[in-house]
Amino acid sequence: MSLLKKLFTTRRMLQLGLVVAGAASGAVFGLILTRLGKIAAGAPPATLDNYLWNAAVFAVMAGVLSPLITWSELRRVPLWRTVAEPLVAAVAGGCAAIIVGVPPLILLLPPVGLALGLANLKRRYPEPQVAAALEPGSSGALVKDL
């Protein structure tokens, strides 16, 4: 039974690590998005309260969603990539909205960047059954792991 206990302890530590890493990346995204949103709106600089509120909200959202998305859709992806690449893609979407100069795009492009970053990871690290079915010369039937 000590083997199972060790296995479940490792899994809990991985989940906790994903929650913490997701929350940290969400907080970073909240801070960056606050600055970009103020630039897009042409508003005065954000106060410390604005930064803290947005960092907290995005940290909670990412802390909850990061493990869910990682364990359900991105099981084959290295864990650091499940945190870093979507963050970079979402920030790139926000920066693109500023560069284009259309203020309402700040609401649309960061989530689109996030979704594209997640879709790119899913595409680059397919599940084994999908990879086996896509191999040249295969009959196209999915192979099940027994």
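If you're wondering where the values come from, they're calculated on a predicted model, not measured in any experiment. (Residues numbered from 1 in each chain as written. Predicted model: local features only at pLDDT ≥ 70, side-chain atom pairs only at ≥ 80, totals over all residues. Heavy atoms only, no water.)

A. Fine view of helix α2 (residues 48-73). With 26 residues, α2 should reach 38 Å at 1.5 Å per residue; the first-to-last C-alpha distance of 36 Å fits that figure. Burial in α2 covers these residues: Ala55, Ala59, Ala62, Gly63, Ser66, Pro67 and Thr70. (Helix = DSSP H or I, 4+ residues; strand = E, 2+ residues; numbered from the N terminus. Expected span 1.5 Å × (residues − 1). Buried < 20%, exposed > 50% of the residue type's maximum accessible area, 1.4 Å probe, protein only.)

B. Representation of the environment of asparagine 120 within the structure. Here asparagine 120 lies in helix α4 (residues 105-124). Asparagine 120 sits 34 residues away from proline 86 along the chain, and the two C-alpha atoms are 9.1 Å apart.

C. Summary view of the pattern of salt bridges. One pass over the structure, following the stated rule, counts 4 salt bridges. In this structure, the salt-bridge partner of arginine 124 is glutamate 85, at a minimum N-O distance of 3.4 Å. One end of the pair, arginine 124, is in helix α4; the other, glutamate 85, is in helix α3 (residues 79-100), and 39 residues separate them in sequence. Salt bridges sharing partners connect three or more residues here, namely Arg81, Glu85 and Arg124. (Salt bridge = Lys/Arg side-chain N within 4 Å of Asp/Glu carboxyl O.)

D. Representation of the confidence of the model for the protein chain within the structure. Chain-level pLDDT for the protein chain is 87 on average; 83% of the residues reach the 70-or-more range. Model confidence for the protein chain, summarised as mean pLDDT per element, is weakest for helix α5 (residues 128-133) at 62 and strongest for α4 at 95. (pLDDT = per-residue confidence, 0-100.)

E. Broad picture of the side chain of threonine 34. Within the secondary structure layout, threonine 34 lies in helix α1 (residues 2-41). For threonine 34, a relative accessible area of 6% corresponds to the buried category. Leaving out residues up to four positions away in the same chain, threonine 34 has contacts with Ala46, Asn50, Tyr51 and Asn54. (Contact = heavy atoms within 4.5 Å.)

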